[in-house]
Amino acid sequence: MVRSFPEGVPVARLKVTKVGLKAFRQVGSFVKPTTHLIQIFGHAATKSRFRITKDALLKLHSGRDLHVPDDMEKGYVILELEQGQILGLGFVNKGSLRSQIPRKEIKKLMLETESPGTVPSDTHPGRITD
Amino acid sequence: MPHVFEKYSEFIPEFPLFREALLGPLPVHFRINLLKISPQNLLPLLEDKGIQLGKSMEGDDTLYHAWNLDSPGNLLEYALGYIHPQAFTSCLASKALSPGEGAYVLDMCASPGGKTSHMSQLMNGSGLIVANELYPSRQIPLGNTLERLGVMNAVITGYQAQQFPMHQRFDFILADVPCSGEGRFRKLSDGYRYRETPRKEALPRLQKKIVLRGFDLLKEKGEMLYATCTYNPEENEGVVDFLLNHRDAKLLPIDLGIDHEPGILQWRDSKYDRELEKAARFYPHHTNSVGFFMARIVRL
């Protein structure tokens, strides 16, 4: 970003409290992209994308796991809705997927508005796009 | 109803219509955030939810009124940063300044970040915006807004706007200064009363300091937009007139294709520079939005 300013780093002498967008954080042995970074660049990913229904999202949001194929590799996947909205990350381990999307950002109300009257399914495994 | 803005009837045109406009609710308005989604991809999602949309202005695919929506903040599209609820006239401020790609921009009073993120969008995420906000408690919503909307070309600083360090100069500066907020007033209920506060009288002094510092921070040929959401001439024309008397500044016309009135040249005992005719006053009975004042200033 700052390389494009030939006169030098423009904010170098300012007392800055926050810079740009936090991209990654270390979580155990993983370097985890932040939700906001994934929401911007996730559409460019060619693998590890996991498409879910609104009902499945509601289930994840309530703190429950989704069943996924046992042979899915352990690690992070990009969660997206059926209409292509990139939501954030989920974590796959031993046949189950857990949401990594901060609950404070997507409120339950938003999901109920999405699919009024529907009940989260216990059996819907989601759909892998790659 | 006895009206608190009666004193402005001498310069607000069609004053009865102005008063009538204040009796209705402010319609929900939002901006599509091009940093995250295109209108072509977003609009079907909203229309599927039965939201009735109306384009706010010709030639802009990102600004919409939502006629049957109460709380846009409850939409998933809000959480994902696809939309940002923002008054129509507030959106016009960033458009009036219109910083280009690669520009170096200062937003002197940036929180809660609607205009900062709009400028980032207009800059196509390039260049650099210094989003300044003095109060730490207001830096939090500013940071949250910029993150949610995917703004990557901004840094946040916490200086007093009128004392922002003179280390480097900027191509564009937005001075959306603290003001009495008269333009936001709508008579929401019989129990709602607009209150005059002692703080209001002190505002022009602060605003004059901010506009002077902003101007001094401009590069040669750099542009600053001075904006308030108030009708009070002492906070508007009075402040810009003060700048014109103390610096080698000129005003540029504001031509957004939106109905507005020119700045006034006289208020009570004060006469203002003729340049003020190039300033813009946006009234709620013309725009069905928040009342705004804008002056586009260039450093010669």
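No experiment lies behind these values; they were computed from the predicted model shown.

Structural notes on the overall build of chain A
Now for step 1: When helices and strands are tallied, chain A shows three helices and nine strands.
Now for step 2: Mapped from its N terminus to its C terminus, chain A presents α and β elements in the order β-β-β-α-β-α-β-β-β-β-α-β.
Now for step 3: Contacts spanning at least 24 positions in sequence make up 65% of the contacts within chain A whose residues lie at least 6 apart.

Some thoughts on the overall build of chain B
Now for step 1: On a plain count of helices and strands, chain B comes out with nine helices and 15 strands.
Now for step 2: Against the globule reference of 19 Å for 300 residues, chain B gives a C-alpha radius of gyration of 19 Å, in line with a compact fold.
Now for step 3: Along the three orthogonal principal directions, the C-alpha set of chain B runs to about 55 × 50 × 35 Å.
Now for step 4: Every one of the 300 residues in chain B was classed for burial, and the buried ones make up 51%.
Now for step 5: For chain B, the share of sequence-separated contacts (at least 6 apart) that also reach a separation of at least 24 residues comes to 76%.

Some remarks on helix H8 (residues 237-246) of chain B
Now for step 1: Taken together, the buried positions of H8 of chain B are Glu237, Val239, Val240, Asp241 and Leu243 of chain B.
Now for step 2: Against helix H7 (198-216), strand E9 (218-228), strand E10 (249-252), strand E12 (266-267) and strand E15 (292-299) of chain B lie the buried residues of H8 of chain B.

Remarks on unusual backbone geometry
All names here are of chain B.
Now for step 1: Residue Pro112 is reached from Ser111 by a cis peptide bond, and omega for that bond is 5°.
Now for step 2: Mapping Pro112 onto the fold places it in the loop between strand E5 (104-107) and helix H5 (114-122).
Now for step 3: Within the chain, Asn124 stands out as a residue other than glycine whose phi angle is a positive 55°.
Now for step 4: For Asn124, the location among the structural elements is in the loop between H5 and strand E6 (128-132).
Now for step 5: A positive phi angle is found at Asn288, which is not glycine, with a value near 50°.

Topic: the pairing of strand E4 (residues 49-52) of chain A
Residue and element names in this part refer to chain A.
Now for step 1: Across the two faces of E4 the burial differs, with Phe50 and Ile52 buried and Arg49 and Arg51 not buried at all.
Now for step 2: Pairing geometry for E4 and strand E6 (residues 75-81), over four bridges, is parallel. What sits directly across from Ile52, in E6, is Leu81.

Some remarks on the confidence of the model for chain B
Now for step 1: On average, residues of chain B score 94 in pLDDT, and 96% of them reach the 70 mark or higher.
Now for step 2: The ipTM assigned to the predicted complex is 0.86, against a pTM of 0.91.

Quick notes on the interface of chain B and chain A
Now for step 1: Every contact between the two is made by 27 residues of chain B and, on the other side, 27 residues of chain A.
Now for step 2: For the side of chain B that touches chain A, the secondary structure elements donating two or more residues are helix H3 (76-79), E6, helix H6 (136-148) and strand E7 (154-157) of chain B.
Now for step 3: Here the side of chain B that touches chain A takes four residues from E7 of chain B, the largest share from any one element.
Now for step 4: Relative to E7 of chain B, strand E1 (residues 16-19) of chain A runs antiparallel, the two being bridged by three bridges. Residue Lys18 of chain A lies in a different strand from E7 of chain B, and its bridge partner there is Ile156 of chain B.

Notes on the environment of Lys54 of chain A
Now for step 1: Along the chain, Lys54 of chain A falls in helix H2 (residues 54-61).
Now for step 2: Taking the C-alpha atoms as reference, Lys54 of chain A lies 13 Å from Leu66 of chain A; in sequence the two are 12 residues apart.

Some points on the environment of Met110 of chain A
Now for step 1: With respect to the element layout, Met110 of chain A can be found in helix H3 (residues 108-114).
Now for step 2: Remark: the alpha-carbon pair of Met110 of chain A and Leu58 of chain A, spanning 52 residues in sequence, is separated by 9.6 Å.
Now for step 3: Look past the residues within four positions of Met110 of chain A in its chain and what remains in contact with it is Asn74, Leu75, Leu76 and Ala79 of chain B.

As for the packing of helix H4 (residues 88-97) of chain B against H5 of chain B
Residue and element names in this part refer to chain B.
Now for step 1: Running from N to C, H4 and H5 point in directions that differ by 45°, and their axes come no closer than 9 Å. Our classification of the angle between H4 and H5 gives oblique. The way H4 lies across H5 gives a crossing that is right-handed. Where H4 abuts H5, its residues Ser90, Cys91, Ala93 and Ser94 lie against Gly114, Lys115, His118, Met119 and Leu122.
Now for step 2: Per-class residue counts for the contact of H4 with H5 are four nonpolar, four polar and one charged.

Quick look at the sheet that holds strand E1 (residues 28-32) of chain B
Residues and elements named next belong to chain B.
Now for step 1: Read from one edge to the other, the open sheet built from four strands follows the order E2-E3-E1-E4, with strand pairing classed as antiparallel. One side of each edge strand has no neighbouring strand; the edge strands of this open sheet are strand E2 (53-55) and strand E4 (83-85). Pairwise comparison of adjacent strand axes, ignoring direction, gives a mean angle of 35° for this sheet.
Now for step 2: Both E1 and strand E3 (residues 63-66) contribute to a ladder of four bridges, which runs antiparallel. Its bridge partner lying in E3, His29 is registered against His65.

Definitions and limits used
Residues numbered from 1 in each chain as written. Chains lettered and ligands numbered in written order. Predicted model: local features only at pLDDT ≥ 70, side-chain atom pairs only at ≥ 80, totals over all residues. Helix = DSSP H or I, 4+ residues; strand = E, 2+ residues; numbered from the N terminus. Contact = placed C-beta atoms within 7 Å. Rg over C-alpha atoms; globule rule 2.2 N^0.38 Å. Buried ≥ 20, exposed ≤ 12 C-beta atoms within 10 Å, placed from the backbone. Pairing = 2+ DSSP bridges. pLDDT = per-residue confidence, 0-100. Axes fitted to C-alpha atoms, helices over the stretch in contact; angles between N-to-C directions. Parallel < 35°, antiparallel > 145°, perpendicular 65-115°, else oblique. Left-handed = near helix turned anticlockwise from the far one by under 90°. Nonpolar A, V, L, I, M, F, W, Y, C, P; charged D, E, K, R; others polar.

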